[in-house]
Amino acid sequence: MEANRDAAEQAATRSRKAMRDGNLARALSLAEKSERLYPSSTAKGLVGLIQSKMAEAEKQGASSSPSSSTSTPAPQSSTRQRSTTPSTPATPKEYSSSDVDRARKVLRAKDHYARLGISRDADDAAVKKAYRKLALQLHPDKNQAPGADEAFKAVGKAYEALKTASKRRYYNMTGEDQPVDQPRGPRFRHGAGLTPEEIFAQVFGGRFPPDFGQRHRQQRRPDATYNDREPNDAPRSQLFMMLLVMFVTFVIPSFLSSFDEPVFSLRQQGSFRVERHLMRTPDVSYYVTDQFHQQYNEGTSHGRKRIRQLEAQVEQSYVRRLDERCQQQRHARNSAMRRARWASNAEQAMKAAKDLDLSACERLRNFLGHRQN
């Protein structure tokens, strides 16, 4: 099944191109081929999206048929040509003032939290709930107001940036979306980012709520349920093997290493009196015991390799400690700013709150930037 993944990705890409060109029949055929080659939520959502577009096209064709009922019936073979033949001029787009207000509110928001209308302490469920609500209100099938399409894309980008705790932490520290580490290979040449429609299909699991547009209501199966669960991207057997490999590779060694004596400390304490500096970041210090040079001989290639492995652990501990301090400092400043709003000398209190120390966050940002460079 894994060997078919590249072919499935190619078929999905060609399907999206055919859909943009207006050839829905070919797009559906390629999307179904992609799902057969490598079943995934993205492929399933793409099939549902194309089917809904085809249902809408058929509905529009049926509504225009009474005006041509007196003409000579067209041959049966012209059915396929109708989907690619230019139709009659489109009717003016209909939208309400509330549709315009929703789109403007999203486009004027200063950050991802404001776009989704959530607080900075929102969890995964709150982020997803906010996205679902806004996506239904701003989807191009339902909202034809000016700017609604851009707002729909904006809330999709905001959801991708905030949907997990690690992504929110990175965004809070840097103000930017967390970059995606893309392994090299042919399957990643089209980029790892999803389109707004694919994000929508993933969140709704390829199914749509009963009050969302006529064409999505036609595509909903009688036995379908509307919930937050997303289909698995791989068979259960493959998922089980992946979990087993991760358990053996990471969990067991970590568990066994917990019985070993610590080799370093980030502070000078007890027997950890010998100061060392990271090779990649010399301004970061750590401390080892007097026996360190006996256990880690820098004069041999094996010893240098062990030191590099050790310093990778030092970096992880250093980042964890800075991250904890940064979160504490941010929490203290935010609490002080909330109290300042109700203080008698609100202006001075707010200035003092904003000047509170965030040095750990700055050091963490500099360290991560230096290591990335």
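Conventions and cut-offs
- Residues numbered from 1 in each chain as written.
- Predicted model: local features only at pLDDT ≥ 70, side-chain atom pairs only at ≥ 80, totals over all residues.
- Heavy atoms only, no water.
- Helix = DSSP H or I, 4+ residues; strand = E, 2+ residues; numbered from the N terminus.
- Buried < 20%, exposed > 50% of the residue type's maximum accessible area, 1.4 Å probe, protein only.
- Contact = heavy atoms within 4.5 Å.
- Areas by Shrake-Rupley, 256 points an atom, 1.4 Å probe, with all protein chains shown as cover.
- Phe/Tyr/Trp six-rings, centres within 6.5 Å; stacked < 30°, edge-to-face > 60°.
- Disulfide = S-S within 2.5 Å.
- Salt bridge = Lys/Arg side-chain N within 4 Å of Asp/Glu carboxyl O.
- Axes fitted to C-alpha atoms, helices over the stretch in contact; angles between N-to-C directions.
- Parallel < 35°, antiparallel > 145°, perpendicular 65-115°, else oblique.
- Left-handed = near helix turned anticlockwise from the far one by under 90°.
- Nonpolar A, V, L, I, M, F, W, Y, C, P; charged D, E, K, R; others polar.
- Expected span 1.5 Å × (residues − 1).
- Arc of directions from axis to C-beta.

Undergrad: Hey, could you run me through the overall build of the protein in this one?
TA: From N to C terminus, the protein includes 16 helices and two strands. Looking at the protein as a whole, 32% of its 373 residues are labelled buried. Sequence-distant contacts, at least 24 apart, represent 60% of the contacts inside the protein between residues at least 6 apart. Working note: accessible area of the protein is about 24500 Å², and carbon and sulfur atoms make up 51% of it.

Undergrad: It is not clear to me how the packing of aromatic side chains should be interpreted in this structure. Could you clarify?
TA: Two descriptors summarise a pair of aromatic rings, namely the distance from one centre to the other and the angle between the planes of the rings. This model, assessed by the stated rule, comprises five aromatic pairs. Judged by centre distance (4.7 Å) and plane angle (15°), the rings of F292 and Y296 are stacked. Comparing F292 with Y296 shows no difference in burial state: the two are buried. Arranged with centres 5.1 Å apart and planes meeting at 65°, the rings of Y318 and F367 form a pair that is edge-to-face.

Undergrad: Whenever I open this one, the state of the cysteines confuses me. Can you help?
TA: Such a bond, covalent and formed between the sulfur atoms of two cysteines, is termed a disulfide. If you walk through the whole model with that rule in mind, you get one disulfide. Note that C326 is cross-linked by a disulfide to C361, the S-S spacing being 2.0 Å. Taking the torsion about the S-S bond as the criterion, the C326 to C361 disulfide, at about 100°, is right-handed. Of the two residues, C326 sits in helix α14 (residues 301-340) while C361 sits in helix α16 (residues 359-372), which places them 35 residues apart along the sequence.

Undergrad: Can you walk me through the pattern of salt bridges in this structure?
TA: Opposite charge on two side chains makes pairing possible when the charged atoms of those side chains draw close. Per the counting criterion, the structure on display carries 13 salt bridges. Among the ionic pairs, R16 bridges to E9, the shortest N-O distance being 4.0 Å. What makes R16 buried here is its relative accessible area of 16%.

Undergrad: Please explain the packing of helix α7 (residues 124-138) against helix α8 (residues 148-162) as it appears in this structure.
TA: Between two packed helices, the angle of one axis relative to the other and the distance separating the axes together describe the packing. Relative orientation of the contacting elements α7 and α8 amounts to 165°, with a least axis distance of 9 Å. The angle between the axes of α7 and α8 places the two elements in the roughly antiparallel class. Crossing geometry of α7 relative to α8 is assigned as left-handed. Where α7 abuts α8, its residues V127, K128, Y131, L134, A135 and L138 lie against A148, A151, F152, V155, G156, Y159 and L162. Here the residues of the contact of α7 with α8 sort into 11 nonpolar, one polar and one charged.

Undergrad: It is not clear to me how the packing of helix α9 (residues 165-174) against α14 should be interpreted in this structure. Could you clarify?
TA: Viewed as axis vectors pointing N to C, α9 and α14 meet at an angle of 65°, and their least axial separation amounts to 12 Å. Between α9 and α14, the crossing angle belongs to the class labelled roughly perpendicular. Helix-helix and strand crossings are classified by hand; for α9 and α14 the assignment is left-handed. Here α9 contributes R169, N172 and M173 to the contact with α14, which in turn contributes D323, C326, Q327 and R330. Class assignment of the residues belonging to the contact of α9 with α14 gives a composition of two nonpolar, two polar and three charged.

Undergrad: Teacher, can you tell me more about helix α5 (residues 97-108) here?
TA: Quick reminder: α-helices carry 3.6 residues per turn. Residues three or four places apart thus point the same way. For α5, with 12 residues, the first-to-last C-alpha span of 16 Å sits near the 16 Å given by 1.5 Å per residue. Taken together, the buried positions of α5 are occupied by D99, V100, A103 and V106. The arc enclosing the buried residues of α5, seen along the axis, measures out at 135°, which places them on a common side. Counted as exposed and oriented over 90 degrees from the buried face of α5: S97, K105 and R108. Those residues of α5 hidden inside the fold are in contact with α6 (112-116), α7 and α8.

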